[in-house]
Amino acid sequence: MHELYTVLAEYYDSIYRRRAERIEKEIDFVEEVFREDAELEVRRVLDLACGTGIPTLELARRGYEVTGLDLHEEMLAVAREKARNEGLNIKFLQGDALEIGFEEEFDAVSMFFSSITYFDDSAIIELFNSVKKALKHGGVFVADFPAWHYGGRDSPIVWDERKGEERLVITDWREVEPATEKLHFKRLVQIIKPDGSVRAFMVDDELSIYTPREMRLLAEKCFREVRIYGNMKRRLDPMGRRYWLVSVK
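Chemist: Would you explain the overall build of the chain in this entry?
Modeler: The secondary structure content of the chain amounts to seven helices and 11 strands. In terms of overall dimensions, the chain is globule-like: its C-alpha atoms have a radius of gyration of 18 Å, near the 18 Å expected for 249 residues. If one aligns the C-alpha atoms of the chain with their principal axes, the spans along those axes are about 55 × 45 × 30 Å. For the chain, buried positions account for 53% of its 249 residues. Pairs at least 24 apart in sequence give 65% of the contacts found in the chain among residues at least 6 apart. Approximately 11900 Å² of the chain is accessible, and the part contributed by carbon and sulfur atoms is 47%. Side chains of the chain give 38 positive and 48 negative charges; the mean places of these two sets differ by 3 Å.

Chemist: Any chance you could explain the environment of Arg80 here in plain terms?
Modeler: For Arg80, the position within the fold is in helix α5 (residues 73-86). Overall, the relative accessible area of 25% leaves Arg80 in the partly exposed class. Through-space distance from the C-alpha of Arg80 to that of Ile90 is 8.0 Å; in sequence the pair is 10 residues apart. Setting aside its immediate chain neighbours within four residues, Arg80 contacts Glu73, Phe92 and Leu93.

Chemist: Please clarify how a negative patch on the surface should be interpreted in this entry.
Modeler: A surface patch of like charges, here negative, comprises Glu99, Asp120, Asp121, Glu126, Glu177 and Glu206. Position of Glu206 relative to the elements: it lies in strand β9 (residues 198-208). Overall, the relative accessible area of 36% leaves Glu206 in the partly exposed class.

Chemist: Mind showing me how you'd approach the nonpolar core here?
Modeler: Nonpolar side chains in soluble globular proteins generally cluster together in the buried interior. Ile15, Phe34 and Val140 are the most contacted members of the largest nonpolar core, which has 47 residues in total. Of the residues forming this core, the biggest block, six residues, is contributed by helix α3 (residues 23-36). Not counting chain neighbours up to four residues away, the residues in contact with Phe34 comprise Leu40, Val42, Val45, Leu59, Tyr64, Ala108, Val140 and Val142. By size, the runner-up hydrophobic cluster in this structure holds 32 residues, among which are Ala97, Ile100, Ile116 and Phe145.

Chemist: Would you mind going over the sheet that holds strand β6 (residues 157-163) with me for this structure?
Modeler: Note on sheets: strands pair through backbone hydrogen bonds, and any given pair is parallel or antiparallel. Strand order in this open sheet of four strands is β6-β7-β8-β9, and the pairing throughout is antiparallel. The sheet is open, and its two edges are formed by β6 and β9, each paired on a single side. Averaged over all adjacent pairs, the angle separating strand axes in this sheet is 20 degrees, with direction ignored. Here 11 bridges tie strand β7 (residues 166-177) to strand β8 (residues 182-192), and the two strands are oriented antiparallel to one another. Note on β8: the bridge partner recorded for Arg174 is Phe185.

Chemist: How do you make sense of unusual backbone geometry when you look at a structure like this?
Modeler: Generally, phi is negative for residues other than glycine and the peptide bonds are trans, each holding for most cases. Located in the positive-phi region is Glu104, a residue other than glycine, with phi close to 50 degrees. With respect to the secondary-structure elements, Glu104 resides in the loop between β3 (91-94) and β4 (106-111). The class for Glu104 is exposed, based on a relative accessible area of 52%. Phi at Ser114 is positive, roughly 60 degrees, even though this residue is not glycine.

Chemist: Looking at this structure, how should I read the packing of α3 against helix α4 (residues 54-61)?
Modeler: Pairs of packed helices are described in terms of their axes, by the angle between the two and the distance that separates them. Their axes nearest at 10 Å, the elements α3 and α4 cross at an angle of 60 degrees. The angle between α3 and α4 places the two elements in the oblique class. The way α3 lies across α4 gives a crossing that is right-handed. Taking contact as the criterion, the partners of Ile23, Glu24, Ile27 and Phe34 in α3 are, on α4, Ile54, Pro55, Glu58 and Leu59. Grouping the amino acids of the contact of α3 with α4 by side-chain chemistry returns six nonpolar, no polar and two charged.

Chemist: Help me out: how do you make sense of helix α6 (residues 121-134) in this one?
Modeler: An α-helix turns once every 3.6 residues. As a result, residues three or four positions apart point the same way. Compared with an ideal rise of 1.5 Å per residue, which puts 14 residues at 20 Å, α6 spans 20 Å between its outermost C-alpha atoms and is within 8% of the ideal. Along α6, the residues that are buried comprise Ala123, Ile124, Leu127, Phe128, Ser130, Val131 and Ala134. When α6 is viewed along its axis, its buried side chains cluster within an angular range of 165 degrees and face the same direction. Elements that come into contact with the buried residues of α6 comprise β1 (44-48), β4, β5 (135-146), α7 (212-219) and β11 (242-248).

About the cut-offs
- One numbering rule holds for all chains: residues counted from 1, following each sequence as written.
- It should be noted that, the model being predicted, local features are given only for residues of pLDDT at least 70 and side-chain atom pairs only at 80 or more, the latter also being counted only at that level, while totals for whole chains, interfaces and linings use all residues.
- The side-chain values count all of the structure's non-hydrogen atoms but skip hydrogen atoms and water molecules.
- Elements are defined by DSSP. Helices are runs of H or I of four residues or more, strands are runs of E of two residues or more, and each kind is numbered from the N terminus.
- Here the globule rule is a power law, 2.2 Å times the number of residues to the power 0.38, and the radius of gyration is based on C-alpha atoms.
- Exposure classes here rest on a 1.4 Å probe applied to the protein chains alone. A residue is buried below 20% of its type maximum, exposed above 50%, and partly exposed in between.
- Contacts: residue pairs with any heavy atoms within 4.5 Å of one another.
- Every accessible area reported is derived by Shrake-Rupley at a probe size of 1.4 Å, with residue values counting cover from the shown protein chains alone.
- His residues and chain termini do not enter the charge count, which takes Lys and Arg as positive and Asp and Glu as negative.
- Charged groups are reduced to one reference atom each: NZ for lysine, CZ for arginine, CG for aspartic acid, CD for glutamic acid.
- Two joining distances apply to patches: 9 Å for like charges and 5 Å for nonpolar side chains (Val, Leu, Ile, Met, Phe, Trp, Tyr), and every residue must have over 30% relative accessible area and no salt bridge.
- One side-chain nitrogen of Lys or Arg within 4 Å of one carboxyl oxygen of Asp or Glu is enough to make a salt bridge.
- Residues grouped as a nonpolar core are buried Ala, Val, Leu, Ile, Met, Phe, Trp, Tyr and Cys residues, joined through side-chain atoms within 4.5 Å.
- Here the rule is simple: two strands pair whenever DSSP picks up at least two bridges between them.
- Working convention: axes come from line fits to C-alpha atoms, limited for helices to the stretch in contact. Angles between N-to-C directions cover 0 to 180 degrees.
- Orientation categories follow fixed angle ranges, with anything under 35 degrees roughly parallel, anything over 145 roughly antiparallel, 65 to 115 roughly perpendicular, and all other angles oblique.
- Should the near helix be turned counterclockwise from the far one by less than a right angle, the crossing is left-handed, whereas a clockwise turn marks it as right-handed.
- Three residue categories are used. Nonpolar comprises Ala, Val, Leu, Ile, Met, Phe, Trp, Tyr, Cys and Pro, charged comprises Asp, Glu, Lys and Arg, and polar comprises the others, including Gly.
- Each residue after the first adds 1.5 Å to the expected span of a helix.
- The directions from the helix axis to the C-beta atoms form the arc being described.

Below, the structure is given as structure tokens:
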């Protein structure tokens with residue numbers, strides 16, 4: 001479990017190349033949220049589940065003072081190297097998002113790449129309280145989550161990426177359990193070396209399915225104001241493929 005974030009950490013940016021290419025637009029939207037929804041000027045940001053730092057570095061490039069936190073040291077090693085190569089001053093910390101040791105230190109807390117769906121109903125309340133503790137009054141929490149339509153996809157998605165001379169063949173599919181509102185995200189990653197040898201890794205993660213209404217009701221237990229936006233617009237788009245939870249302390 002979590003092979004994607006440990007043994008495959010060095011390949012993560014290649015696997016998520018297409019998402020990384022869209023990160024500037026995502027941060028454009030998040031900056032709009034900072035300006036319009038936060039009740040204070042956002043300068044200090046805590047990026048939870050930061051992974052290899054794809055959004056974390058983009059926030060730092062735009063002048064924010066960013067701290068990245070992730071559970072997996074393998075991912076953080078990649079993030080630190082990228083930050084060093086760009087000359088970006090980012091503090092990366094290994095830790096659990098449920099056990100944030102900060103109190104009213106950040107103007108904003110972010111969580112990208114649907115990481116919030118790793119938390120079930122009880123754990124997500126712990127997460128919200130942990131985030132609330134880290135935020136200053138008037139600070140904002142921004143997290144994206146997908147619109148998982150029941151039934152999932154009819155067939156797997158297969159695509160290729162490259163990392164140097166290595167070819168990656170990636171197969172994604174998902175299995176939905178409507179009764180338990182759980183989604184099993186499955187991914188087969190085959191790494192083909194230049195000599196033709198192959199290494200294969202199977203990822204099988206269990207995620208929680210949340211509707212916009214469910215996410216809002218859970219967040220309202222912890223935050224003063226809660227809004228759900230869709231498709232990187234500051235309104236709820238019923239046809240959205242990705243939603244954004246925006247909560248104000």
